[in-house]
Amino acid sequence: MSDPVTANLTAHVVILGAGHSGGTAAALLRQYGHEGRITLIGEEPIAPYQRPPLSKAWLKGEADADSLALKPLEFYAEHNIDFRPSTRAVSLNRGAKTVALSDGSQLAYDILILATGARAIALPIPGAELEGVMFLRTAADAEQLKATIGPGKRLAVVGGGYIGLEVAASGRALGAEVVVLERENRLLARVACETLSTFFKAYHEQHGVVFELSANVEAFVGADGNGHVTGVRLGDGRAIPCDAVVVGVGATPNDELARDCGLTTARGVVVDLEARTSDPAIFAIGDVSHRPMPIYGRMFRMESVPNALEQAKQAASAIVGRPAPPGEAPWQWSDQYDLKLQIAGYAFDVDEILVRGDPASNKFAVFHLKGDLVQSVEAINSPPEFMMGKQLMLGRKPVSKARLADPSISMKEVAA
Ligand code: FAD
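Residues numbered from 1 in each chain as written. Predicted model: local features only at pLDDT ≥ 70, side-chain atom pairs only at ≥ 80, totals over all residues. Heavy atoms only, no water.

All right, on to the site of the ligand then. Taken together, 32 residues sit near the ligand, with Ser21, Glu44, Lys56, Arg137 and Asp287 positioned nearest. A distance of 3.0 Å is found between an oxygen atom of the ligand and a backbone nitrogen or oxygen belonging to Ser304. In isolation the ligand offers 1,000 Å² of accessible surface; the protein chains occlude 96% of this area. Mapped onto the domain boundaries, the shell around the ligand takes at least three residues apiece from domain 1 (13-119 + 251-320) and domain 2 (133-247). (Near = heavy atom within 4 Å. Polar contact = N/O pair within 3.5 Å; in protein donor to acceptor, adjacent residues only side chain to side chain. Areas by Shrake-Rupley, 256 points an atom, 1.4 Å probe, with all protein chains shown as cover. Domains from an automatic or database assignment.)

Let us look at the packing of helix α1 (residues 20-31) against helix α7 (residues 305-320). Where α1 meets α7, the closest approach of the two axes is 8 Å, and the angle between their N-to-C directions is 35°. Along this stretch, α1 crosses α7, giving a crossing that reads as right-handed. Contact residues: His20, Ser21, Thr24, Ala25, Leu28 and Leu29 in α1; Val305, Ala308, Leu309, Ala312, Lys313, Ala316, Ile319 and Val320 in α7. Its residues assigned to classes, the contact of α1 with α7 comprises ten nonpolar, three polar and one charged. (Axes fitted to C-alpha atoms, helices over the stretch in contact; angles between N-to-C directions. Helix = DSSP H or I, 4+ residues; strand = E, 2+ residues; numbered from the N terminus. Left-handed = near helix turned anticlockwise from the far one by under 90°. Contact = heavy atoms within 4.5 Å. Nonpolar A, V, L, I, M, F, W, Y, C, P; charged D, E, K, R; others polar.)

This brings us to the pattern of salt bridges. Here the structure, examined in full by the defined rule, presents 23 salt bridges. One salt bridge connects Asp279 with Arg94, and the closest N-O pair in it is separated by 2.9 Å. In this pair, Asp279 sits in the loop between β19 (268-270) and β20 (282-284) while Arg94 sits in the loop between β4 (89-93) and β5 (98-101), placing the two residues 185 residues apart along the sequence. The exposure class assigned to Arg94 is partly exposed, which follows from its relative accessible area of 28%. Two residues, Glu385 and Arg356, come together in a salt bridge whose shortest N-O distance is 2.7 Å. Of this pair, Glu385 sits in helix α8 (residues 383-395) while Arg356 sits in strand β25 (residues 352-358), and the two are 29 residues apart along the sequence. Grouping residues by exposure puts Glu385 and Arg356 together as buried. Through salt bridges that share partners, Glu212, Asp236 and Arg238 make up one connected network. (Salt bridge = Lys/Arg side-chain N within 4 Å of Asp/Glu carboxyl O. Buried < 20%, exposed > 50% of the residue type's maximum accessible area, 1.4 Å probe, protein only.)

The residue Ser382 is located in the loop between β27 (373-380) and α8 in this model. On the basis of relative accessible area, Ser382 is assigned to the buried category, the value being 3%. A polar side-chain atom of Ser382 sits 2.7 Å from the main-chain carbonyl oxygen of Ile380. For Ser382, the residues in contact, after removing those within four places along its chain, are Gln342, Lys363 and Phe364.

By domain assignment, the protein chain separates into domain 1 (13-119 + 251-320), domain 2 (133-247) and domain 3 (338-415). For domain 1 and domain 2, the distance between their C-alpha centres works out to 30 Å. Across the contact, 15 residues belong to domain 1 and 14 residues belong to domain 2. Between domain 1 and domain 2, roughly 1,300 Å² of surface is buried when both sides are summed, and carbon and sulfur atoms account for 63% of that area. Taken as a group, Ser55, Trp58 and Leu59 account for 44% of the area that domain 1 buries against domain 2, more than any other trio of residues on that side. Here domain 1 and domain 2 share two salt bridges between them. One can count eight residue pairs in polar contact (both at pLDDT 80 or more) joining domain 1 with domain 2. When its residues are assigned to classes, the side of domain 1 that touches domain 2 shows seven nonpolar, two polar and six charged. (Buried area = accessible area lost by both parts, 1.4 Å probe.)

See below:
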């Protein structure tokens, strides 16, 4: 039976959020033959771009601004996509199928895609408003940060997660003195195992980064008469002097539009495997969505480019009436110094952790197992472990632990 709402190549599709997922969905709709109007609304002043380089190559000056763009600006007009930058969606009226925009206009839609992403979490502590206390979510944030760090500058990074550590590595590459302040007693505590935490701490220390673990950041302080941050006060009373602060303590979904109009939300906008929300005419994709993860039998909100791309594909396919794309394994990456970390899956319900290779060689992989099934793999400078581990994970194929632990047996043979 054909879908009464979608599978309609002439519908007006309005996409709210012109980031990685929204920009991709617009391009895919045209690629899949959508003939109707496509309107792409973005509050940022520039065309959709990639965020990963903001903490890595771009921050270090190894990539130019143009290389961040998903598509050249002309692409949108050439493909009859009405891209409206510097425009914010303010509210939704699901009954009337309209969106109120920040320019005061109302935009009617047949199908809506929420692609509003997530925003950096602020610390509700004294001094949070001081100049020099920064976040890293947008290209504008990155410009500000890049203009601040340089040789001899003292940078305090609050949060020892992936973004915090990438900023620390880039800061060192630019000659800044870097201290990382982490609330937990180890780095990457929310996202990685202890082996990885220990490894990254040692590697960063070799590159001159200083760590304060179990650090309770109480306030940012500024010199009298100057609205600029000069230090971070910790719970034990110490003051860490600095010229700038980057707060990297996580992100929260921009799901207010969905909440306010009564869509089902959890930790983000709840969707199915077509990326469809509780309203059949509305989809939600990327960081804002709370989505099913069939290989784990649970729902989760992911913050990764592969997820943004996968859900853009799911929504665009459903809208034009194409078969759903095959399920993909969740994965992401992080670059720090000469280390390439590739992660597939999430360590849910794990009963054993197996290390393949020697961390001292800076080339190893950590497999998280549930019985003899791979739940996730974290691979440092080890693409075969990542690739084959991802396949084992997605295929739910049992593996011999003895063979997996033996680096003299190739991953191809292990997976055979
Ligand atoms: P976004 O790309 O954030 O786009 C959302 C857009 O919606 C934004 O432009 C926002 O301004 C706009 N918007 C929000 N509300 C409204 C509104 N009401 N009206 C109009 N527009 C609105 N992922 C990886 O896989 N690997 C990495 O190495 C990696 N590194 C990263 C490094 C950094 C510094 C950051 C910030 C993220 C990184 N990520 C990485 C995560 C990845 O970039 C995100 O998962 C991805 O951008 C999600 O795409 P999205 O479209 O959901 O959100």
